[in-house]
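A closer look at the structure
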Amino acid sequence: MARQIGDVILDLRNISLSFGGVKALTDISFDVREHEIRAIIGPNGAGKSSMLNVINGVYHPQQGEIIFRGEHRKDMDTHEAAAAGFARTFQNIALFKGMSVLDNLMTGRNLKMKANFMQHALWWGPAKREELEHRKKVEEVIDFLEIEHIRKTPVGRLPYGLQKRVELGRALAAEPQILLLDEPMAGMNVEEKQDMCRFILDVNDQLGTTIVLIEHDMGVVMDISDRVVVLDYGKKIGDGVPDEVKNNPEVIAAYLGTQH
Amino acid sequence: MQFFLEVLIGGLLSGVMYSLVALGFVLIFKASGVFNFAQGAMVYFAALSLVGCMGMGAPLWLAFILAFVIMTLLGIATEKFVLRKMVNQAPIALFMATIGLSFFIEGLAPLLWGNEVRALDIGLVDEPIPWILDNFNMVVSSFDLTAAGLALGLVALLALFFQYTRVGRALRAVADDHQAALSIGIPLQHIWALVWAVAGFVALVAGMLWGSRNGVQFALTFTALKALPVLILGGFTSVPGAIVGGLIIGASEKLAEIYIPPVMAGWFGGNFGGIEGWFPYVMALLFLLVRPEGLFGEKHIDRV
Amino acid sequence: MFYRETGQFKTSYAADQQIFPIRQDRIGVILLLLVAFIVVPLVAGNYWFNAILIPFLIFSLAALGLNILTGYAGQLSLGSAAFMAVGAYAAYNFQVRVEGMPILVSFILAGLTAAGVGILFGLPSLRIKGFYLAVATLAAQFFIVWCLTKFPYLSNNSSSGVISVPGVEMLGFKFDTPQSRYLLVLTIVVVLALLAKNMVRSTTGRAWMAVRDMDVAAEVIGIRLMRTKLLAFAVSSFYCGVAGAMYAFLYLGSVEPDGFSLDLSFKILFMIIVGGVGSVLGSFLGAAFILLLPIFLDISLPALAAALHLPFDGATVSHIQLMIFGALIMFFLIVEPHGLARLWQIGKEKLRLWPFPH
């Protein structure tokens, strides 16, 4: 990996989350360093998506702390998280099906738009300038992800693989500091996975974006991540560089399986 | 105090009748996930069919059976020609389709049966029960009481049906997940036909009771609209909820109608009747703010 | 061969963002506006203005308002008629109680009043969704109409809430002919439609559509649900309020609360379903369709009945009308959920290729 991995920018301490009587996460602690690619792996139901939801403010943990760039937060709401520089994709695609690809990506930049609705109605000065400015930025993302040919297509009509790519685009359009990806390669064929890998690596390489990634494909995880966290039944059972984790007996027993 | 009890009891009794209408909604929602806005129109159509058949010379029991057959056919036609074609669409679209359906039925009914107001005589009389009048000096209509008894009986029967019979379980399975139900061999078409038949039956009983109380006329459809606040209070998927919701709405709207206007006339002068028209809805609104899923409904969880 | 995009390249994002990027469309719209503003007033008769054009424009505006709330922001509302009523009565009160109030200011204030009421009844949308919200808007519908009937102050102490509006006058010019009223309504509607179109294709519109399509995801991006939803209620009610004010002042002349009943709310809902939810053009197409249909049926049904020797009276015609409305709604929802606007789009696509098949 070419870039310099920096200091810890996201520190999660003793996070516990329950829904009614069900404990989704128990006392989880790990950190994420700037510019790294951090994978979260584990069997289904281990709490990986819940973990991501906690980081990004969709769920609020009953216990624990989130420290982002030195600031202590018990929890954030989604709006604060977005403003702080978190962007994410979802396991089941959460695109706005009624809008075109371009509009979906432009929505990703919503927080950066300052004009109010009356200026929009009049399509005057600041509103128009802003729209064109952000359009330029979004076109850069479109270029990067090679989706120019479908920019005006309503998202609902696109094949699954492209939808996933558009979702990544929407997250990138926000120019995030930390990108949270929830199974970005689920359901893709080999070619699509390779493309997606390339994009993720490029984002990390060229833009320096820190990436936290949930993924089931072990090949991908071992290949592209700098460090890995392993969850099982809501508890952390492994944490370290891919090679370490691969050989951790607990992880093997719970998830990876041994070679016979 | 007696007056208060009178109004309260009157309200509770009419509330049971609201529950009956709400029940039709619950049944269809439970089985197909569709909120059938046309239920009110169906009550009206059922009542008109009943009265129409009687007008053609049939005795009550025969007219009832004929009307039931008509309602079942109507339901099956609805399912086949409208709902089945909209399987993939959002619930809101289905809801709007049922609004269209209600208009269609509201036009069809008078076309077939004429639109004069008709009296429906089912042998119950709207008179104060002498025993209660003598002993407690309160006016409680014998009609209301009988009707309430009938309605409660029906509701209890249906609740048992859903909970304890095989068919009832199948209905609940279908409501939960059509695909899954299909995959375990539940015959979807038969189930839906059954559901609409039961909903039609309920609409018929409701139409019969309301119709004989107030006359069979177009205003029946508005009565049925009142079932919506009942559902909100009770939860869309709960049969007992429909009863409890109905009782609360019936009682509170009558009490509000009696006690609020004088107070407002005191403040503002003038006449403030007609509170019944909006009070249930505002109550439902306030209730929704506190408990969106109703008293007995299921909490809706959005998975991300 | 007429409707070709060949040779029309966009070399800037600004050019790409135009409302009508294709030159033929621009020409078409300009022609339409010319006809509407110049030809029609010279040619059309009073019946056309009074019975067709003016109500068409007013209802298009109301449908546009509902479309913003239900079509773009996804908040189902069954109370649009009540907001029209607020606008009508507010405009009346401002005109009658404030000496020398300019009519346009009254209209704007009426819209703002309606917007305020809209925000109030929109507050539940923060916790309630889908058809639960529809029931909440029913509360607005019934309660508002009841208030207008029962509080004499609101109708300047007339009995049962009927109000007769004074004539419309601007800078000394009296709008007392059908032509002049038509032109005033046309101007107001065109301006507001343009503002609406700008809003829906901007960040505001995208935020609305995001909330409509998946509000959880919208929140995660940073869109504030409360503000977005309440803004939709406010703008929508403003439009319905102005439509209501024009309904009273420039169309009927005299209104009563019951004239803004649930039936009217349904009618407006039907307009956007048939015309196309989430489409500015659809609001106009739907309004035209729903307004013209009864007139068409009134004329054709008796003729048909006479041809088939069936007894048809007025009541029967209205029953059949109801049935046809209902059937149309179901038809559109099944066959073309995006309404006439989508059919128009498909038509244009075919026109692009004409006379070639593909």
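Residues numbered from 1 in each chain as written. Chains lettered and ligands numbered in written order. Predicted model: local features only at pLDDT ≥ 70, side-chain atom pairs only at ≥ 80, totals over all residues.

1. Some thoughts on the overall build of chain B
When its secondary structure is counted, chain B shows 13 helices and zero strands. Mapped in sequence order, the helices and strands of chain B form the string α-α-α-α-α-α-α-α-α-α-α-α-α. Its C-alpha atoms give chain B a radius of gyration of 20 Å, near enough to 19 Å, the size a compact globule of 304 residues would have. Here the C-alpha coordinates of chain B stretch approximately 60 × 55 × 35 Å along the principal axes. Each of the 304 residues in chain B was classed as buried or not, and the buried ones make up 47%. Contacts spanning at least 24 positions in sequence make up 74% of the contacts within chain B whose residues lie at least 6 apart. (Helix = DSSP H or I, 4+ residues; strand = E, 2+ residues; numbered from the N terminus. Rg over C-alpha atoms; globule rule 2.2 N^0.38 Å. Buried ≥ 20, exposed ≤ 12 C-beta atoms within 10 Å, placed from the backbone. Contact = placed C-beta atoms within 7 Å.)

2. Observations concerning the overall build of chain C
Secondary structure summary: chain C contains 14 helices and four strands in total. Over its C-alpha trace chain C gives a radius of gyration of 21 Å, about what one expects of a compact globule, namely 21 Å for 358 residues. For chain C, the C-alpha atoms occupy an extent of roughly 65 × 65 × 45 Å along the three principal directions. When each of the 358 residues of chain C is scored for burial, the buried share is 48%.

3. Thoughts on the packing of helix H3 (residues 46-72) of chain C against helix H11 (residues 262-275) of chain C
A pair of packed helices is captured by two measures, namely the crossing angle of their axes and the spacing between those axes. All names here are of chain C. The contact between H3 and H11 brings their axes to 9 Å, and the two run at 75°. Considered as vectors, H3 and H11 are oriented roughly perpendicular to each other. Along its contact with H3, which presents Phe 59, Ala 62, Ala 63, Leu 66, Asn 67, Thr 70 and Gly 71, the element H11 presents Ile 268, Leu 269, Met 271, Ile 272 and Gly 275. The class makeup of the residues in the contact of H3 with H11 is eight nonpolar, four polar and no charged. (Axes fitted to C-alpha atoms, helices over the stretch in contact; angles between N-to-C directions. Parallel < 35°, antiparallel > 145°, perpendicular 65-115°, else oblique. Nonpolar A, V, L, I, M, F, W, Y, C, P; charged D, E, K, R; others polar.)

4. Examining the environment of Glu183(A)
Residue and element names in this part refer to chain A. Among the structural elements, Glu 183 can be located in the loop between strand S7 (178-182) and helix H7 (190-207). When the C-alpha positions of Glu 183 and Gly 125 are compared, they lie 41 Å apart, and in sequence the two are 58 residues distant. Non-local contacts of Glu 183, meaning those with residues more than four positions away in its chain, are made with Gln 91, Ile 214, Glu 215 and His 216.

5. Here's the deal with the sheet that holds strand S9 (residues 227-232) of chain A
Residues and elements named next belong to chain A. Strand order in this open sheet of six strands is S6-S7-S8-S3-S9-S10, and the pairing throughout is mixed. Pairing within the sheet leaves two strands with one partner each, and these edge strands are strand S6 (86-88) and strand S10 (235-240). Across this sheet, the average inter-strand angle for adjacent strands is 20°, counted without regard to direction. (Pairing = 2+ DSSP bridges.)

6. Side note on the nonpolar core
Ranked by size, the top nonpolar core spans 285 residues in total, and within it Ala47(B), Leu50(B), Val195(B) and Ala85(C) carry the most contacts. With residues up to four places along the chain from it excluded, the contact list for Val195(B) reads Leu27(B), Ile28(B), Ala31(B), Ser32(B) and Leu171(B). (Core = buried A, V, L, I, M, F, W, Y, C linked by C-beta atoms within 7 Å.)

7. Looking at the sheet that holds strand S5 (residues 71-73) of chain A
Residue and element names in this part refer to chain A. Spatial strand order, S2-S1-S4-S5: four strands in an open sheet with antiparallel pairing. Edge positions in the open sheet fall to strand S2 (22-33) and S5, since each of these has one partner strand only. On average, each strand axis in the sheet is inclined to that of its neighbour by 20°, with strand direction left out of account. As paired strands, strand S4 (residues 63-68) and S5 are joined by three bridges and run antiparallel to one another. Along S5, the bridge assignment pairs Phe 68 with Glu 71. Docked against the sheet, helix H1 (residues 48-55) engages strand S1 (8-19), S2 and S4, running at close to 65° with respect to S2.

8. Considering the interface of chain B and chain C
Counting residues at the interface gives 41 residues for chain B, matched by 34 residues for chain C. Its residues placed into classes, the side of chain B that touches chain C shows 30 nonpolar, eight polar and three charged.

9. Comments concerning the packing of helix H2 (residues 39-55) of chain B against helix H3 (residues 60-83) of chain B
Residues and elements named next belong to chain B. Running from N to C, H2 and H3 cross one another at 140°; their axes reach a closest spacing of 8 Å. With respect to each other, H2 and H3 are oriented oblique. Every pair of crossing elements has a handedness; the one defined by H2 and H3 is right-handed. Contacts between H2 and H3 involve Met 42, Phe 45, Ala 46, Ser 49, Leu 50, Cys 53 and Met 54 from the first element and Leu 60, Ala 63, Phe 64, Leu 66, Ala 67, Ile 70, Met 71 and Leu 74 from the second. Tallied by class, the residues present in the contact of H2 with H3 amount to 14 nonpolar, one polar and no charged. (Left-handed = near helix turned anticlockwise from the far one by under 90°.)

10. Some details on the environment of Asp226(A)
Summarising the element assignment, Asp226(A) is placed in the loop between helix H8 (218-224) and S9. The sequence separation of Asp226(A) and Leu52(A) amounts to 174 residues, and the corresponding C-alpha distance is 18 Å.

11. Examining the pairing of strand S3 (residues 37-41) of chain A
Residue and element names in this part refer to chain A. When you tally the buried positions in S3, you get five out of five residues, the bulk of the element. Of the two faces of S3, the one carrying Ile 37, Ala 39 and Ile 41 and the one carrying Arg 38 and Ile 40 are both buried. As judged from the four bridges shared by S3 and strand S8 (residues 210-214), these two strands associate in the parallel manner. Note on S8: the bridge partner recorded for Ala 39 is Leu 213.

12. Some remarks on the pairing of S2(A)
Residues and elements named next belong to chain A. Inspection of the sheet shows S1 paired to S2 by eight bridges, in the antiparallel sense. Of the residues in S2, the one forming a bridge with Leu 17 is Leu 25. What sits between the antiparallel neighbours S1 and S2 is a turn of two residues, in which Gly 20 has the positive phi angle 60°.

13. Describing H11(C)
All names here are of chain C. With 14 residues, H11 extends 20 Å between its outermost C-alpha atoms, agreeing within 8% with the 20 Å of an ideal straight helix rising 1.5 Å per residue. Across the 14 residues that make up H11, a large majority, 11, are buried. Once H11 finishes, Gly 276 follows within two positions and takes phi at roughly 130°, a positive value. (Expected span 1.5 Å × (residues − 1).)

14. Some remarks on the confidence of the model for chain C
Regions with low pLDDT carry predicted coordinates that are not meant to be interpreted in detail. Residue and element names in this part refer to chain C. For chain C, per-residue confidence averages 86 on the pLDDT scale, and 96% of positions sit at 70 or higher. The lowest-confidence element of chain C is helix H1 (residues 13-16), averaging 71 in pLDDT; the highest-confidence one is helix H10 (residues 225-252), averaging 94. Scored as a complex, the prediction yields pTM 0.88 and ipTM 0.87. (pLDDT = per-residue confidence, 0-100.)

15. What to know about unusual backbone geometry
All names here are of chain A. In the Ramachandran plot, Asp 27 falls in the positive-phi region, its phi being about 50° despite a non-glycine side chain. Note on placement: Asp 27 falls in strand S2. A tally of 14 C-beta atoms within 10 Å means that Asp 27 is categorised as partly exposed. Here the phi dihedral of Arg 69 falls at roughly 50°; this positive angle occurs in a residue that is not glycine.

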